[in-house]
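Residue-level structure breakdown
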Amino acid sequence: MMANALEFPEALLLKLRSAARVVVLTGAGISQESGLRTFRDPQNGLWRQYRPEELASLEGFRRNPKQVWDWYAYRREAVKGARPNPAHYALVEMERHVPYFTLITQNVDGLHQMAGSRNVIELHGNIQRVRCSVCGESALDWEDDGLEVPRCERCGGLLRPDVVWFGESLPAAALQAAVEAARQAQVFFSIGTSGIVQPAASLPYAAKNRGALLIEINLETTPLTPRADFAFHGKAGEILPALVRASWGE
Ligand code: OAD
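What you are looking at is a predicted structure, and each value in this text was computed from that prediction instead of being measured.

Considerations on helix 11 (residues 236-248)
Along its 13 residues, helix 11 runs 18 Å from first to last C-alpha, staying within 8% of the 18 Å computed at 1.5 Å per residue. Burial within helix 11 is extensive, with ten of its 13 residues counted as buried. The complete set of buried residues in helix 11 reads A236, G237, I239, L240, P241, A242, L243, V244, S247 and W248. Buried residues in helix 11 make contact with helix 1 (10-18), helix 2 (29-32), helix 7 (86-97), strand 7 (187-191), strand 8 (213-218) and strand 9 (230-233). G249 lies just past helix 11 and shows a positive phi near 80 degrees.

Structure (structure tokens):
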């Protein structure tokens, strides 16, 4: 069923208010109103301008580590200047009302945590963290002289962002927790994600197949839309706060 952006069917509100287990999956679209670029936006998406196989793969890093390092440094700066938007805060509020609430994000920007969300699973890592590409040691502090890719203090290997690149496995514990939460969800939201990157894209289906009510919030239709019980097309920063208000009041 398609619903007008700011009208929420009573059946949905009732289900949401009474659900013990609510799971939310977010993607780059939820941070778009914080000024961060999505990946696949037709005009401004990062993957319209840059080549993912060059910038977001181990092969790309091996070929040209400096280019990859600099691209993440550029994105890290954008993230540092970004603040959570009303959609992030609405999810903080939702978590206060739901007994078992899990927020699964594909985003690496940390804005959910900055807003105050607690139970957050980061499926694709976090851009503020860095680790050694050889020994895996995390680095919290590193010196970037702008000339060379910083190196690991322990083994001298090149440092890389602690994010998941194409062709790499997701952090196993995070993925397992996400799958488990999705399977147990009574209500599952897919918000601001194009829903095409696996394995995250399969989580809404796992939830739906186990009986969850599936709700999508996105500017556009996605491959998931036909499976959604309710699909709201518009900005997450407008729809989510309105939905939380309608469900639990001010
Ligand atoms: P995409 O760029 O693929 O999709 C963003 C989605 O957000 C699109 O469906 C937009 O229609 C929607 N959108 C944009 N602005 C919105 C807004 N204000 N409100 C609601 N929806 C909005 O980003 P992801 O789905 O997150 O992976 O991409 C998934 C993964 O692909 C990323 O985590 C990244 C990328 O390659 C890795 O880096 C491993």
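Past the structure itself, the notes keep going.
Looking at the sheet that holds strand 2 (residues 100-105)
Picture the strands of a sheet paired through backbone hydrogen bonds; they go either parallel or antiparallel. Sheet architecture is open: six strands sit in the order 3-2-1-7-8-9, paired in parallel fashion. A strand with exactly one partner marks an edge of an open sheet, and here the two such strands are strand 3 (120-122) and strand 9. Here the average twist between neighbouring strands, direction ignored, is 15 degrees. Against the sheet, helix 9 (residues 172-184) makes contact with strand 1 (21-26), strand 2, strand 3 and strand 7, and its axis sits at roughly 130 degrees relative to strand 3, the strand it touches most.

Some details on unusual backbone geometry
With an omega of 0 degrees, the peptide bond running from Q198 to P199 counts as cis. In this structure, P199 sits in the loop between strand 7 and helix 10 (203-209).

As for the sheet that holds strand 6 (residues 159-163)
Reading across from one edge, 5-4-6 is the order of the three strands in this open sheet, with antiparallel pairing throughout. For this open sheet the edge positions go to strand 5 (138-139) and strand 6, each flanked by a neighbour on one side alone. Bridge count between strand 4 (residues 125-132) and strand 6: four bridges; the pairing is antiparallel. Across the sheet, residue V130 finds its bridge partner in strand 6, namely P161.

Side note on the site of the ligand
In the vicinity of the ligand lie 23 residues, with Q32, R40, T193, S194 and N218 positioned nearest. Between T193 and the ligand, the recorded distance is 2.7 Å, taken from a side-chain N or O atom to an oxygen atom. Taking S194, its side chain carries an N or O atom lying 2.6 Å from an oxygen atom of the ligand. When the ligand sits alone it has 800 Å² of accessible area, and the protein chains cover 94% of it. Considered class by class, the residues forming the shell around the ligand number eight nonpolar, eleven polar and four charged.

Rules behind the numbers
Residues numbered from 1 in each chain as written. Predicted model: local features only at pLDDT ≥ 70, side-chain atom pairs only at ≥ 80, totals over all residues. Heavy atoms only, no water. Helix = DSSP H or I, 4+ residues; strand = E, 2+ residues; numbered from the N terminus. Expected span 1.5 Å × (residues − 1). Buried < 20%, exposed > 50% of the residue type's maximum accessible area, 1.4 Å probe, protein only. Contact = heavy atoms within 4.5 Å. Pairing = 2+ DSSP bridges. Axes fitted to C-alpha atoms, helices over the stretch in contact; angles between N-to-C directions. Near = heavy atom within 4 Å. Polar contact = N/O pair within 3.5 Å; in protein donor to acceptor, adjacent residues only side chain to side chain. Areas by Shrake-Rupley, 256 points an atom, 1.4 Å probe, with all protein chains shown as cover. Nonpolar A, V, L, I, M, F, W, Y, C, P; charged D, E, K, R; others polar.

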